[in-house]
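Close look at the chain arrangement
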Amino acid sequence: MKTIIISIQVPDGVNVQVSQGNGGTDRPFVSRPDPPDPGGYCPIHEVGWNLIPAGVSRKTNKPYNAFWTCPEMGCDQKPQMGRPSNVIDMTSHAGPPDDLPF
Ligand SMILES: [Zn+2]
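Anyway, here's the lowdown on the structure attached to this text. Keep in mind it's a predicted model, so treat the numbers as computed, not measured.

1. Examining the overall build of the protein
Counting secondary structure elements, the protein contains 0 helices and 4 strands. Starting at the N terminus and ending at the C terminus, the protein contains elements arranged as β-β-β-β. Looking at the protein as a whole, 2% of its 102 residues are labelled buried. Taking the intrachain contacts of the protein between residues at least 6 apart in sequence as the baseline, contacts between residues at least 24 apart amount to 44%.

This is the structure we're talking about:
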């Protein structure tokens, strides 16, 4: 096994954590610009989406990117984002065949 020493300069006050491969579920945080307004509204509360600015979670102490969500407390509805608009609807091809025997 080789040991590689990497020096990283970090501003004061920034907490650096290095995970040793166990688990592997901790993905490195990638900062992204604020997402654009998705339009629309929460289908349950019928109120427009609320932009939550990027920050650090008080629960997990992990940074997160800005995201749109329902302003109602406890509502887990989110706008449909990050999907291509030209999704092919496969359900229209999965209907019953035209040549039904009756
Ligand atoms: Zn809602």
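2. A short note on the environment of Tyr41
Note that Tyr41 resides in the segment before β1 (50-52). Measuring from C-alpha to C-alpha, the distance between Tyr41 and Gln77 comes to 9.4 Å, with 36 residues separating the pair along the chain. When sequence neighbours within four positions are dropped, the list of residues in contact with Tyr41 reads Glu46, Val47, Gly48 and Trp49.

Criteria and thresholds
- Positions within a chain are numbered from 1, following the residues in the order the chain's sequence is written.
- Residues qualify for local features only when their pLDDT is at least 70, as the model is predicted, and side-chain atom pairs are given and counted only at 80 or more; totals for whole chains, interfaces and linings, by contrast, use all residues.
- By definition, any uninterrupted DSSP run of H or I lasting at least four residues is a helix, any uninterrupted run of E lasting at least two residues is a strand, and each is numbered from the N terminus.
- As a rule, residues whose C-beta atom has 12 or fewer other C-beta atoms within 10 Å are exposed, those with 20 or more are buried, and those in between are partly exposed; C-beta atoms are placed from the backbone.
- Here, residues touch in the contact sense if the C-beta positions derived from the backbone fall within 7 Å of one another.

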